[in-house]
Amino acid sequence: MACGDCKDAWICGACGSPRVESVVCLGDQPLANGLLDDPDQTPVRYPLHLVACSSCFAVQLTRQVPPAVMFGAYPYFSSQSATMTGSARELARRLTAERDLGTGDVVLEVGSNDGYLLRWYAEEGIEAVGVDPARECAEVAAGLGIGTVVDYFGPQVADEYAGVASIVHANNVLAHVPDPATILDGIRRVLRPGGLLVIETPWLVPMINQTQFDVIYHEHRWYWSLAAFGRLCTEAGLYIIDVERLPLHGGSLRIFAVPDGAGGEIRSSVGMITALEQATGLDSPAGLVDFGERVKTRIIELTQWRKGLAAPVAGYGAAAKGTMMLSQIGPVDWVADSTPAKIGRWLPVGDIPIRDPRTLVDEMPPNCVLLAWNFADEIAGKASGYTSRGGALWTTTPVPALVEARNAIPA
Ligand code: TYD
């Protein structure tokens with residue numbers, strides 16, 4: 001592992017500063033969502049090194065794998081999770097009522113996936129425009145009556161839809177893009193006067209506090225704090241007026257912003273989140289370096305714990321974070337996942353096949369590690385046939401524990 005060798009080339013992708021500090025190097029890793037069709041395939045590996053900018057505190061990877069390589073055949077369908085669709089439905093209904101939306105309004109979503117969010121606006125007769133490069137997802141959305149621009153959101157799409165949108169959504173997008181400043185600039189142009197931007201993105205504070213090292217992978221170029229993200233918004237002419245905490249993806253923020261000059265009172269939530277970030281030490285590189293040290297210790301502890309589980313050991317959730325977890329702590333025998341496009345393929349680490357979740361009850365491995373720990377409640381419900389027969393379903397995060405009884409540690 002040659003971490004540090006490339007250091008001279010490190011430049012903050014958000015503000016351009018060369019004052020970039022190493023947080024943790026996780027070695028050369030395959031793309032976390034790069035599932036294999038054949039276990040003999042050798043995935044391409046890329047360095048995975050987390051750094052923080054000492055000037056603007058943006059936390060980021062040193063290396064950007066080209067988006068077309070990462071997202072070309074992205075087997076992720078948001079509607080696969082009832083947690084995601086439930087949260088999306090609630091948000092769409094709430095904003096439709098609060099903003100008095102109806103026919104004549106346009107809602108545009110950047111990264112619209114399979115229409116898991118826009119479908120709820122379309123149902124109310126509101127014009128819904130999706131933008132997403134994944135063709136398979138756009139086809140599913142079309143079946144729900146949602147038109148999708150099958151492309152990356154950028155200046156061209158922004159020109160086409162300039163000034164039309166009452167609401168722009170961008171959920172779990174701003175962590176992935178190479179150039180978030182250009183995206184935010186395009187979004188500001190798409191908003192009509194009085195329009196609202198609603199962004200959801202994983203939040204750096206729970207990642208740090210719970211030592212969530214498995215959410216670090218190439219598809220996540222950025223790990224946002226409100227402070228660092230707010231700076232980018234200001235530069236793009238967007239003004240943050242409110243922020244909410246969400247349990248999704250291990251702890252996310254929902255950020256509301258309006259175009260500069262649109263006015264709007266800043267809610268107290270913005271100050272509260274900022275204070276929490278300062279208490280976590282995100283306004284100094286030292287807080288992040290400490291996180292890097294804790295990651296190394298956590299990997300050693302989990303590796304020992306994993307070795308102590310009686311075989312065979314299954315996993316649940318062929319999530320990107322599952323690939324990263326198993327790559328660090330050692331493989332399981334196979335992984336259960338309900339996504340049809342994943343079943344029958346292999347994780348890009350450890351020769352691990354992906355099977356239908358029914359296999360858990362059929363084979364009753366004594367232990368199963370919940371890799372998609374962000375969906376613990378939903379998956380625990382679905383796996384109750386396994387646990388009620390004596391199968392042990394373990395989460396790893398924040399500490400190893402049985403999912404039903406989170407304080408248990410194996411002997
Ligand atoms: P996801 O949360 O998207 O994590 P990541 O961002 O790390 O990829 O992945 C969750 C995975 O778990 C996905 O492959 C679908 C799967 N899953 C199930 O198999 N059953 C379920 O009930 C849920 C909620 C998810």
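My aim in this report is to walk through the structure given alongside it, one point at a time. The structure displayed is predicted, hence computed values, not measured ones.

1. Here we look at the packing of aromatic side chains
The geometry of an aromatic ring pair is captured by two quantities: the separation of the ring centres and the angle between the planes.
So, step 1. On inspection of all chains with the given rule, the structure shows 3 aromatic pairs.
So, step 2. With a centroid separation of 5.1 Å and an interplanar angle of 10°, the aromatic rings of Trp-222 and Trp-224 are classed as stacked.
So, step 3. Judged by its relative accessible area of 2%, Trp-222 falls in the buried class.
So, step 4. A residue is classified by how much of its surface remains accessible, and Trp-224, at 1% relative accessible area, is buried.
So, step 5. Note on Trp-305 and Trp-394: the rings are 6.0 Å apart at their centroids and 80° apart in plane angle, and the pair reads as edge-to-face. Within this pair, whereas Trp-305 is found in helix α10 (residues 285-307), its partner Trp-394 is found in strand β16 (residues 392-395), the two being separated by 89 residues in sequence.
So, step 6. Taken together through their ring pairs, the aromatic side chains of Trp-222, Trp-224 and Phe-229 make up a single cluster.

2. Focus: the pattern of salt bridges
So, step 1. The full count for this structure, using the stated rule, is 17 salt bridges.
So, step 2. Between Glu-200 and Arg-254 there is a salt bridge whose closest N-O contact spans 2.8 Å. Residue Glu-200 is found in strand β8 (residues 191-202), and its partner Arg-254 is found in strand β11 (residues 252-259); the two are separated by 54 residues along the sequence. The two residues Glu-200 and Arg-254 agree in class, both being buried.
So, step 3. The residue Glu-244 makes a salt bridge to Arg-254 at a minimum N-O spacing of 3.1 Å. Remark: Arg-254 occurs in strand β11 and Glu-244 occurs in strand β10 (residues 238-246); sequence separation between them is 10 residues.
So, step 4. One network of salt bridges, in which partners are shared, links Arg-94, Glu-98, Glu-200, Glu-244 and Arg-254.

3. As for the sheet that holds strand β4 (residues 106-110)
Consider a sheet: its strands pair through backbone hydrogen bonds, and that pairing is either parallel or antiparallel.
So, step 1. The sheet built from 7 strands is open, its strands ordered β6-β5-β4-β7-β8-β11-β10 with mixed pairing. Here the strands that pair on one side only, and so sit at the sheet edges, are β6 (147-149) and β10. Each adjacent strand pair in this sheet contributes to an overall mean axis angle of 20°, direction not counted.
So, step 2. In terms of strand pairing, strand β7 (residues 165-171) meets β8 through 6 bridges, oriented parallel. Pairing of Asn-171 across the sheet is with Glu-200, part of β8.
So, step 3. On top of the sheet, helix α6 (residues 180-190) reaches β4, β7, β8, β10 and β11; it is set at about 145° to β8, its chief contact.

4. Describing the site of the ligand
So, step 1. Taken together, 18 residues form the shell around the ligand, and within it Ala-320, Asp-337, Ser-338, Lys-342 and Lys-382 come nearest.
So, step 2. Take Ser-338: an N or O atom from its main chain is 2.8 Å from an oxygen atom of the ligand.
So, step 3. Contact with the protein chains covers 95% of the free accessible surface of the ligand, which is 560 Å².
So, step 4. At the level of secondary structure, the elements contributing two or more residues to the shell around the ligand comprise α11 (320-329) and α13 (376-382).
So, step 5. A per-element tally of the shell around the ligand places α13 first, with 3 residues.

5. Comments concerning the packing of α10 against α11
So, step 1. For the pair α10 and α11, the least separation of the axes is 9 Å and the interaxial angle reads 80°. Overall, the two elements α10 and α11 adopt an arrangement that is roughly perpendicular. Across the interface between the two elements, Ile-299, Leu-302, Thr-303 and Arg-306 from α10 touch Met-325, Gln-328 and Ile-329 from α11.

6. Describing α11
So, step 1. Of all the 10 residues making up α11, 8 are buried; the element is thus mostly covered by neighbouring parts of the structure.
So, step 2. Restricting attention to buried positions, one finds in α11 the residues Ala-320, Lys-321, Gly-322, Thr-323, Met-324, Met-325, Leu-326 and Ile-329.
So, step 3. Backbone geometry just downstream of α11 places Gly-330 in the positive-phi region, at approximately 105°.

7. Side note on the environment of Met-324
So, step 1. For Met-324, the position within the fold is in helix α11.
So, step 2. Met-324 gets classed as buried once you look at its relative accessible area, which sits at 3%.
So, step 3. Separated by 173 residues in sequence, Met-324 and Asp-151 place their C-alpha atoms 28 Å apart.
So, step 4. Apart from residues no more than four positions distant in its own chain, Met-324 is found in contact with Gln-29, Ala-32, Leu-48, Phe-213, Asp-214, Ile-216 and Tyr-217.

Conventions adopted
- Residues numbered from 1 in each chain as written.
- Predicted model: local features only at pLDDT ≥ 70, side-chain atom pairs only at ≥ 80, totals over all residues.
- Heavy atoms only, no water.
- Phe/Tyr/Trp six-rings, centres within 6.5 Å; stacked < 30°, edge-to-face > 60°.
- Buried < 20%, exposed > 50% of the residue type's maximum accessible area, 1.4 Å probe, protein only.
- Helix = DSSP H or I, 4+ residues; strand = E, 2+ residues; numbered from the N terminus.
- Salt bridge = Lys/Arg side-chain N within 4 Å of Asp/Glu carboxyl O.
- Pairing = 2+ DSSP bridges.
- Axes fitted to C-alpha atoms, helices over the stretch in contact; angles between N-to-C directions.
- Contact = heavy atoms within 4.5 Å.
- Near = heavy atom within 4 Å.
- Polar contact = N/O pair within 3.5 Å; in protein donor to acceptor, adjacent residues only side chain to side chain.
- Areas by Shrake-Rupley, 256 points an atom, 1.4 Å probe, with all protein chains shown as cover.
- Parallel < 35°, antiparallel > 145°, perpendicular 65-115°, else oblique.

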